[in-house]
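A closer look at the structure
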Amino acid sequence: FLNPERPFLGIGLGAPVRGGGVVVASVQRNAGQAGIRPGDVILTIDGSKVGNGASLLKLLVKRQAGDKVKVGGLRDGTPFEYEVTLMTREQLDK
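Residues numbered from 1 in each chain as written. Predicted model: local features only at pLDDT ≥ 70, side-chain atom pairs only at ≥ 80, totals over all residues. Heavy atoms only, no water.

Describing the overall build of the chain
- The helix and strand inventory of the chain stands at three helices and six strands.
- Helices and strands in the chain line up, N terminus first, as β-β-α-β-β-α-β-β-α.
- In terms of C-alpha radius of gyration, the chain reaches 12 Å, essentially the compact-globule figure of 12 Å for 94 residues.
- With respect to the principal axes defined by its C-alpha atoms, the chain has extents near 35 × 25 × 20 Å.
- Looking at the chain residue by residue over its 94 residues, the buried ones come to 35%.
- Sequence separation of at least 24 residues holds for 49% of the intrachain contacts in the chain that already meet a minimum separation of 6.
- Taken together, the 13 basic and 9 acidic charged side chains of the chain have centroids lying 5 Å from each other. (Helix = DSSP H or I, 4+ residues; strand = E, 2+ residues; numbered from the N terminus. Rg over C-alpha atoms; globule rule 2.2 N^0.38 Å. Buried < 20%, exposed > 50% of the residue type's maximum accessible area, 1.4 Å probe, protein only. Contact = heavy atoms within 4.5 Å. Lys, Arg positive; Asp, Glu negative; His and termini not counted. Charge placed at Lys NZ, Arg CZ, Asp CG, Glu CD.)

Observations concerning the pattern of salt bridges
- This model, assessed by the stated rule, comprises three salt bridges.
- Arg-63 is paired through a salt bridge with Asp-46; the nearest N and O atoms lie 2.9 Å apart. Taken together, the residues span a long stretch of sequence, with Arg-63 in the loop between α2 (53–61) and β5 (68–75) and Asp-46 in the loop between β3 (41–45) and β4 (48–49) at a distance of 17 residues. (Salt bridge = Lys/Arg side-chain N within 4 Å of Asp/Glu carboxyl O.)

With respect to the side chain of Asn-30
- In this structure, Asn-30 sits in helix α1 (residues 29–34).
- The buried category is assigned to Asn-30, whose relative accessible area is 4%.
- When sequence neighbours within four positions are dropped, the list of residues in contact with Asn-30 reads Phe-8, Leu-9, Gly-10, Val-84, Thr-85, Leu-86, Met-87 and Leu-92.

Some thoughts on the pairing of strand β6 (residues 78–85)
- Bridge count between β5 and β6: eight bridges; the pairing is antiparallel. Across the sheet, Lys-68 pairs through a bridge with Thr-85, a residue of β6. (Pairing = 2+ DSSP bridges.)

So, in structure tokens, the structure goes:
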């Protein structure tokens, strides 16, 4: 049973990165509007380290749809930080 209010970052996860982080495979509305792109490597959520996809989801489950999170990572080796508003699956599918 999935919680319909579960917050989503709006990305599809790709491969984990050696040493920590995950590659963004696909981007949905909220993450794309914030500036995240496929191929980016996500390293932190609100300053907490993302080790793999499971740890990223664990960090998000503590939040609610509508919350803003700071997503830190690398794009082509250059650091970035974007603020993403979490959405429900229903909001993403609209």
